[in-house]
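Here's the letter readout for the chains.
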Amino acid sequence: MHDFIVVIPSRYDSSRLPGKPLADIGGLPMVQRVWQQTRNSSASRRIVAVDDPRICQALEGSGAEVLMTRVDHPSGTDRLAEVVTQLALPDDAIVVNVQGDEPLIPAALIDQVAALLAADPLASIATLAEPITDKASLFNPNVVKVVVNVQGRALYFSRAPIPWQREGWEGQDDALSDDSQLANGGWLRHVGIYAYRVGFLRAFQQWPPAPLEELEQLEQLRALYHGHAIQVGLAIETHPAGVDTAEDLERVRDFISLTHGGA
């Protein structure tokens, strides 16, 4: 396994769940749950990049390495760029971004995305995807779709149902009669875990948002816009949904309670 580190960007403010990193899940703050999941990976180092002293306080005694970052970063990727600068990491180092609202992230996916990037020296980023198997997800703009080339590199990411089947899809309502028609279509849902080369992160923070990025509200399009390759692999395990809403939080709490007895 190629050496890599994990960074967990953790921002206190959230429009839908204020103070989300500190949300209690089975007696532990969510950010600590995420950090615990990364401990099972092969990462040589695991850092929580925070923007608020309250997150630092919540992690005291957990053993987590915590790094304070600026409060005004527009994205988690920009926060990662500050981390690699603070740590003076070499350009060829690999950093895996594990989002701070994914307390169920499998460690196997962390290792997979790091290995994927290490195996493709011409790629700046690696990420994962899963097959789309239901019509609702295909036409849901909150489910990001990705199309790849023969080398497994991303051609485009979109909130739209790509690729679009020209023959037979006259509109969303009558595009598919049932989910079984998706079985051999090759539609892919993007899984939001990334591995980056540090040199790319340094370049990324110098670029303004790209027009396609602003249109779709997908920051990975900034990398494609500037000609950087993104390697995409099929996730070897199911990627559980993260926590965006109060309903998501209750779902994760129930899961932890049932599977771990709240511990």
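These numbers come from a predicted model, not from an experiment. Each residue is numbered by its place in its chain's sequence as written, counting from 1. Where totals are concerned, whole chains, interfaces and linings use all residues; where local detail is concerned, this predicted model gives features only for residues with pLDDT of at least 70, and gives and counts side-chain atom pairs only at 80 or more. Note that water and hydrogens are dropped before the side-chain values are worked out from all heavy atoms of the structure.

**Some points on the packing of aromatic side chains**
Phase 1: Note on aromatic contacts: the rings of Phe and Tyr and the six-membered ring of Trp form a pair at centre separations within 6.5 Å, being stacked when their planes are under 30 degrees apart, edge-to-face when over 60 apart, and tilted otherwise. Inspection of the entire model under this criterion finds six aromatic pairs.
Phase 2: With centroids separated by 5.9 Å and ring planes inclined at 0°, the aromatic side chains of Tyr 196 and Phe 200 adopt a geometry described as stacked.
Phase 3: An angle of 70° between the planes, with centres 5.8 Å apart, marks the rings of Phe 200 and Trp 207 as edge-to-face. Note on accessibility: Phe 200 and Trp 207 belong to one class, buried.
Phase 4: Here the aromatic residues Tyr 194, Tyr 196, Phe 200, Phe 204 and Trp 207 are joined through ring pairs into a cluster of three or more.
Phase 5: Geometrically, a lysine NZ or arginine CZ counts as sitting over a ring once it is within 6 Å of the ring centre and also within 35 degrees of the ring normal. The cationic tip of Arg 54 hangs over the ring face of Tyr 12; the distance from NZ or CZ to the ring centre is 3.9 Å. Exposure categories follow from relative accessible area, calculated using a 1.4 Å probe and restricted to protein chains: below 20% of the type maximum is buried, above 50% is exposed, and the middle band is partly exposed.

**What to know about the pattern of salt bridges**
Phase 1: A side-chain nitrogen of Lys or Arg and a carboxyl oxygen of Asp or Glu constitute a salt bridge if their distance falls within 4 Å. What the rule picks out here adds up to 10 salt bridges.
Phase 2: The shortest N-O distance in the salt bridge between Arg 253 and Glu 250 comes to 2.6 Å. Here Arg 253 pairs with Glu 250, and both are found in helix H9 (residues 246-260), just three residues apart, close to one helical turn.
Phase 3: Accessibility expressed as a relative area gives 40% for Glu 250, which makes it partly exposed. Secondary structure follows DSSP: runs of H or I at least 4 residues long count as helices, runs of E at least 2 residues long count as strands, and numbering of each begins at the N terminus.

**Here we look at the layout of surface pockets**
Phase 1: Using a grid of 1 Å spacing that covers the protein atoms alone, one calls a set of points a cavity when a 1.4 Å probe fits there but cannot get out, and a pocket when the set is open and has protein on both sides within 12 Å along at least five of seven lines; lining residues are those with an atom within 4 Å of a point. Grid points are joined across faces, edges and corners, and a volume is the space filled by probe spheres set on the points. Its boundaries defined by the atoms lining it, the largest pocket holds a volume of some 1,800 Å³.
Phase 2: If you tally residues by element for the lining of the largest pocket, the top one is strand S10 (residues 188-197), at six residues.
Phase 3: Residues are sorted three ways: Asp, Glu, Lys and Arg are charged, Ala, Val, Leu, Ile, Met, Phe, Trp, Tyr, Cys and Pro are nonpolar, and all the rest, Gly among them, are polar. Partitioned by chemical class, the residues of the lining of the largest pocket number 14 nonpolar, 18 polar and 17 charged.

**Considerations on unusual backbone geometry**
Phase 1: Here the residue pair Ile 162 and Pro 163 is connected by a cis peptide bond, since its omega of -5° sits within 30 degrees of zero.
Phase 2: With respect to the element layout, Pro 163 can be found in the loop between strand S9 (154-158) and S10.
Phase 3: With a phi angle near 60°, Gln 217 is a residue other than glycine that sits in the positive phi range.
Phase 4: One can find Gln 217 in the loop between helix H7 (211-216) and helix H8 (220-225).

**Description of the pairing of S9**
Phase 1: In short, DSSP must find at least two bridges between two strands for them to pair. Here strand S8 (residues 145-148) runs beside S9; their pairing, made up of four bridges, is antiparallel. Bridge pairing links Val 148 to Ala 154 in S9.
Phase 2: Connecting the antiparallel pair S8 and S9 is a turn made up of five residues, with Gly 152 showing a positive phi of about 85°.

**Some details on the environment of Val 31**
Phase 1: Following the sequence through the fold, Val 31 ends up in helix H1 (residues 30-38).
Phase 2: Between the alpha carbons of Val 31 and Leu 59 there is a distance of 8.1 Å; along the sequence they are 28 residues apart.
Phase 3: With sequence-adjacent residues up to four places away left out, Val 31 is seen in contact with Ser 10, Pro 21, Val 48, Ile 55 and Leu 59. Contacts between residues were defined by any pair of non-hydrogen atoms, one from each residue, lying within 4.5 Å.

**Let's talk about the nonpolar core**
One broad rule of soluble globular proteins: the nonpolar side chains tend to lie buried together.
Phase 1: If you look at the biggest cluster of nonpolar residues, it comprises 38 residues, and the most contacted ones within it are Phe 4, Val 6, Val 48, Val 96, Val 98, Ile 110 and Ile 193.
Phase 2: Of the residues forming this core, the biggest block, five residues, is contributed by helix H4 (residues 107-118).
Phase 3: Not counting the four nearest positions on each side in its chain, Val 48 is found in contact with Ile 8, Ser 10, Val 31, Trp 35, Leu 59, Ala 64, Glu 65, Val 66 and Leu 67. To qualify as a nonpolar core, a set must consist of buried Ala, Val, Leu, Ile, Met, Phe, Trp, Tyr and Cys residues joined through side-chain atoms within 4.5 Å.

**Side note on the pairing of strand S6 (residues 94-97)**
Phase 1: Burial along S6 is two-sided: Ile 94 and Val 96 facing one way and Val 95 and Asn 97 facing the other are all buried.
Phase 2: Two strands pair when backbone bridges link them, and strand S1 (residues 5-10) and S6 are joined in this way by three bridges, in the parallel orientation. Within the sheet, the bridge partner assigned to Val 6 lies in S6 and is Val 96.
Phase 3: As paired elements, S6 and S10 share four bridges and run antiparallel to each other.

**What about the side chain of Ser 158?**
Phase 1: With respect to the helices and strands, Ser 158 occurs in strand S9.
Phase 2: Looking at Ser 158, the relative accessible area reads 3%, which means it is buried.
Phase 3: A polar contact is formed between the side chain of Ser 158 and the side chain of Glu 216, at a distance of 2.8 Å.
Phase 4: Other than its neighbours up to four places away in sequence, Ser 158 contacts Val 143, Val 144, Lys 145, Glu 216 and Leu 218. Counting of polar contacts relies on pairs of N or O atoms within 3.5 Å, with two restrictions inside protein: one atom must be capable of donating a hydrogen and the other of accepting it, and residues adjacent in sequence are counted only when both atoms are side-chain atoms.

**Focus on a nonpolar patch on the surface**
Phase 1: Only residues whose relative accessible area exceeds 30% and that form no salt bridge enter a patch; like-charged residues are grouped when within 9 Å of one another, and nonpolar side chains (Val, Leu, Ile, Met, Phe, Trp, Tyr) when within 5 Å. Accessible surface is estimated by sampling points in the Shrake-Rupley manner with a 1.4 Å probe; for residues, cover comes only from the protein chains shown. On the surface, a cluster of nonpolar side chains totalling about 340 Å² of accessible area is made up of Leu 212, Leu 215 and Tyr 225.
Phase 2: Relative to the assigned elements, Leu 215 resides in helix H7.
Phase 3: A relative accessible area of 72% means that Leu 215 is categorised as exposed.

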